[in-house]
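Here is what each chain is made of, one letter per residue.
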Amino acid sequence: METAREEILSKIRTGLNRKQDEPAPAVRLKPYAGTPELFLKRVHAVGGKISRAQRPIDVRSYIADALQGRSAVASNAPLLHELGITAMEGVKCGFRNYTELREACSKAGVGITCADYALADTGTLVMLSSREEARIVSLLPPAHIAVVAKNRILGGLDELLTKVPKPGDLTSSMVLITGPSRTGDIEQILVRGVHGPGEIHVIVL
Amino acid sequence: MIDAFEKKIGETLADPALQLKIYTNTATLVDKRKTAVSEEAFPEYQELRTKANALKRHAIEHLDLYLEQFEANVIAHGGKVIWCRDATEVSDFVLNLAKERQAKLIVKSKSMTTEEIDLNERLEHHGLEPVETDLGEYIIQLRHERPYHIVAPALHLTRHDVADVFTEKLGIPHDTVIENQTMTARGLLREKFLAADIGISGANFLVADSGAVVLVENEGNARLTTTAPKIHIAVAGIEKIIPRAQDLGVFLKLLGRSATGQPLTVYTSFLSGPKRTGEIDGPEEFYLVLLDNGRTKLIADEAKRQSLYCIRCGACLNICPVYRKIGGHSFPWAYSGPIGAIISPQFLGIDHTPKLPFASSLCGACADVCPVKIDIPQVLLDLRAEVSKSPLEHRAFRIFAWMMTHPAIYRLSAKIGLKLFFLAKLAPPAKAWLSQRDLPNPPEKSFTDLWKLRAKKS
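Numbering of residues starts from 1 in each chain and follows the order in which that chain's sequence is written. Written order determines the labels here, with chains lettered from A and ligands numbered from 1. Reporting of local features is limited, given that this is a predicted model, to residues whose pLDDT is at least 70; pairs of side-chain atoms are given and counted only at 80 or more, and all residues count toward the totals for whole chains, interfaces and linings. Only hydrogens and water are set aside; all other atoms, that is, all heavy atoms of the structure, feed into the side-chain values.

### Some thoughts on the overall build of chain B
- Note on conventions: DSSP H or I runs of at least 4 residues are helices, E runs of at least 2 residues are strands, and numbering of each starts at the N terminus. Helices and strands together make up the secondary structure of chain B, namely 22 helices and ten strands.
- Considering chain B as a whole, with its 458 residues, one finds that 57% of them fall into the buried category.
- The contact definition used throughout considers only heavy atoms, calling two residues in contact when any of these lie within 4.5 Å. Taking as baseline every contact in chain B between residues at least 6 positions apart, the subset at least 24 positions apart corresponds to 74%.
- Surface exposure of chain B reaches about 20,000 Å², of which carbon and sulfur atoms provide 58%.
- For the charge count, each Lys or Arg is scored as positive and each Asp or Glu as negative, with His and the chain ends excluded. Each charge is placed at NZ for Lys, CZ for Arg, CG for Asp and CD for Glu. Charge centroids of chain B, computed over 57 positive and 55 negative side chains, lie 9 Å from each other. Only protein chains enter the accessibility calculation, which uses a 1.4 Å probe; a residue whose area is less than 20% of its type maximum is buried, one above 50% is exposed, and one in between is partly exposed. Note on areas: Shrake-Rupley with a 1.4 Å probe; residue coverage comes only from the protein chains shown.

### A word on the overall build of chain A
- Along its length, chain A carries six helices and twelve strands.
- Principal-axis analysis of the C-alpha atoms places the extent of chain A at approximately 65 × 40 × 40 Å.
- Buried residues in chain A amount to 55% of all 205 residues.
- Of the contacts made within chain A by residues no fewer than 6 positions apart, 74% connect residues no fewer than 24 positions apart.
- A total of about 9,000 Å² of accessible surface is found on chain A, and carbon and sulfur atoms cover 51% of it.
- Averaged over its 26 positive side-chain charges, chain A has a centre that lies 2 Å from the centre of its 22 negative ones.

### What about the interface of chain B and chain A?
- With 96 residues of chain B at the interface, the matching set in chain A holds 78 residues.
- Contact with chain A buries surface across chain B, with B:Arg85, B:Arg223 and B:Ile280 losing the most and accounting together for 11% of the total.
- When a carboxyl oxygen of Asp or Glu lies within 4 Å of a side-chain nitrogen of Lys or Arg, that pair is called a salt bridge. Linking chain B to chain A there are ten salt bridges.
- Between B:Arg85 and A:Glu7 there is a salt bridge, and its shortest N-O distance comes to 2.6 Å.
- Whenever a nitrogen or oxygen atom comes within 3.5 Å of another N or O atom, the pair is scored as a polar contact, on the condition that within protein one atom can donate a hydrogen and the other can accept it, and that pairs from neighbouring residues in sequence are kept only if both atoms are in side chains. Counting the contacts that link chain B with chain A gives 45 residue pairs in polar contact (both at pLDDT 80 or more).
- Tallying contributions element by element places helix 10 (residues 178-195) of chain B first for the side of chain B that touches chain A, with ten residues.
- Bridging between strand 9 (residues 173-177) of chain A and strand 9 (residues 267-271) of chain B involves five bridges; their strand directions are antiparallel. Here's the idea: put two parts together, see how much 1.4 Å probe accessible area each one loses, and the total over both is what we call buried area. Think of it this way: DSSP has to see at least two bridges between two strands before they count as a pair.

### So, the domain arrangement of chain B
- Segmentation of the chain into domains, including their bounds, is taken from an automatic or database domain assignment. Considered domain by domain, chain B is made up of domain 1 (39-296) and domain 2 (398-457).
- A C-alpha centroid distance of 57 Å is found between domain 1 of chain B and domain 2 of chain B.

### Digging into the packing of helix 2 (residues 16-36) of chain B against helix 12 (residues 248-260) of chain B
All names here are of chain B.
- Axis lines are fitted through C-alpha atoms, for helices just across the contact stretch, and the angle between N-to-C directions can take any value from 0 to 180 degrees. It is the contact of helix 2 with helix 12, at a shortest axis distance of 6 Å, that shows an interaxial angle of 140 degrees. By the angle between their directions, the pair helix 2 and helix 12 is classed as oblique. Each of Leu29, Lys32, Arg33 and Ala36 in helix 2 lies in contact with helix 12, whose residues at this interface are Arg257, Ser258, Ala259 and Thr260.
- Looking at side-chain class alone, the contact of helix 2 with helix 12 contains three nonpolar, two polar and three charged residues. To sort the angles, those under 35 degrees are grouped as roughly parallel, those over 145 as roughly antiparallel, those from 65 to 115 as roughly perpendicular, and the leftovers as oblique. Note on residue categories: nonpolar means Ala, Val, Leu, Ile, Met, Phe, Trp, Tyr, Cys or Pro, charged means Asp, Glu, Lys or Arg, and polar means any other residue, Gly included.

### Topic: empty space enclosed by the protein
Residues and elements named next belong to chain B.
- Here a cavity denotes a set of grid points, spaced 1 Å apart and computed over the protein atoms alone, in which a 1.4 Å probe fits but from which it cannot get out, and a pocket denotes an open set meeting protein on both sides within 12 Å along at least five of seven lines; residues with an atom within 4 Å of a point are reported as lining. Grid points are joined across faces, edges and corners, and a volume is the space filled by probe spheres set on the points. Following the criterion strictly, the structure yields eight cavities of 30 Å³ or more and no others.
- By volume, the largest cavity amounts to about 100 Å³.
- Together, 14 residues line the largest cavity, and Cys310, Cys313, Cys316, Cys370 and Pro371 are the ones closest to its centre.
- Broken down by secondary-structure element, the contributors of at least two residues to the lining of the largest cavity are helix 13 (315-319) and helix 16 (365-369).

### Side note on helix 8 (residues 135-142) of chain B
- By the criterion of burial, helix 8 of chain B is predominantly enclosed, with eight of the eight residues buried.
- Of the residues making up helix 8 of chain B, those classed as buried are B:Leu135, B:Gly136, B:Glu137, B:Tyr138, B:Ile139, B:Ile140, B:Gln141 and B:Leu142.
- Those residues of helix 8 of chain B that are buried are in contact with strand 10 (182-183) of chain A together with helix 6 (112-116), helix 7 (119-125), strand 3 (129-132), helix 9 (159-170) and helix 10 of chain B.
- One side-chain oxygen at the N-terminal end of helix 8 of chain B lies 3.1 Å from the backbone nitrogen of B:Gly136; it belongs to B:Asp134.

Dropping the structure here:
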């Protein structure tokens, strides 16, 4: 008996009756540089809170204010350690074990991460899953704080796809985050924080 | 004969509250799209539509090659591909896997493809617990309904309807505040996410050169579905394939803007395979179900094949004067609106839905807003030609053709017709129509008479 795979492929081949293979049409990506100003403006436009920091102490004091006494989980990104964020009061970090991380993220009020890239023209954070950045730190807690190094800001999607033409070679999960989690499913009234964080802070250093 | 389709249309038209909901909700989406694709906001729009059409055409014309490439890349990243001819093969696969892994609770993120094959009902029938996690889908699952709209499944409901079903099904106090309703769902569904054994998602795109599935959403439920449970199953129609990751530079810019007016949705996930060595979280098993379910039937027809280009943005529903009157549940399958009118008859077979290709005024608005430039009106016309005519209609057209090819008979019948015109007004269909309208009386002299007169004078 023909397998489903063979049957589907043979139906397609018979139906197409292709004489010769053509190359895929070229896609003209238009990479252009992004600025921190534009990026933060766009983050603000999609409902994120924004800050620019010059020194590590600026980042820490912004985060201390933003936490408002809430507990936080920090990712394993080296930058967070270098900036002294992992040593802040109420910030848990250093999780290598998934079960423990999940437990901590379920209870935490805030998740703190870096971003691998940021897209200026849409105000987007780009997160690649790795040993440094788990997926759930930016997902389970009701608030997310992202620290973005200035040199990680790209113009937009085209520049990202030029820099990372095959995300699957690097990670099992690349996620683009543009603003807080939202829904309009009931009467198209905007409600934030339906499943992911309803509060996002972006600090550019 | 009045079928269920026509009965539902009658009910929808007779419900002023429902009419208002459909009209205002689609109008909001129309406005959002219009602003987002305007020349000032998005100058590349037309260029990208043309490119998207070319890419989809190319992908479908080389579908066999891209599916094989996609499969090889999924396997290379540690995932598995399951090819399914139909609904039963998909549910059999999920049921067997659930049995082997002793899984019961399944969280689901929004997927029209699983709606198409009634996957939830099939799984429930065998004792599994599939839970929809998109807020709109969760609400309609509680109501045991189909999605009303491709993008906005609960478009036909108000906060009052939601309060009613939450009280009835969840046993919570009646609350009509939308924020509270949303947070209730968040709390209940969060428990499901953390307890679920399997997560089932759909796929917005399958990327051949990466073996990746791309998911686009605003809520975060698709991220949770594909991250929290140990097993991720993505169910996708075979036509979802795009050649390269860089093609997303075309499609993502069009999809969000066409659907909800967003340059990018809140979350775009690019997922390839289970979690890798060193990564802290993510599913341990990754399965990609490739579904045919009638799609290969379209491949042989070069013109109708374009129906497979659809990226499910819903723009054609919002703009459609027919959808805006008859709503989403008047369509006989999961897919409604103009795109539903062309894919349902083709996937299911035209004899199952012979009236669908006629549920259109052919105004062409759907083709104007389609981000991948599907010529929906042309496909509708092609399908109409395929619907076998009724014997009565067939005979009427033969008499008409005979009259038109015999001028003397035509002239005679025109004369008699003018004299007996008043009778037509009394016949039942015209009578009902004319109860609200006036029909001008026919002129004293026909065009032929006037032409003769004119010829005499000159």
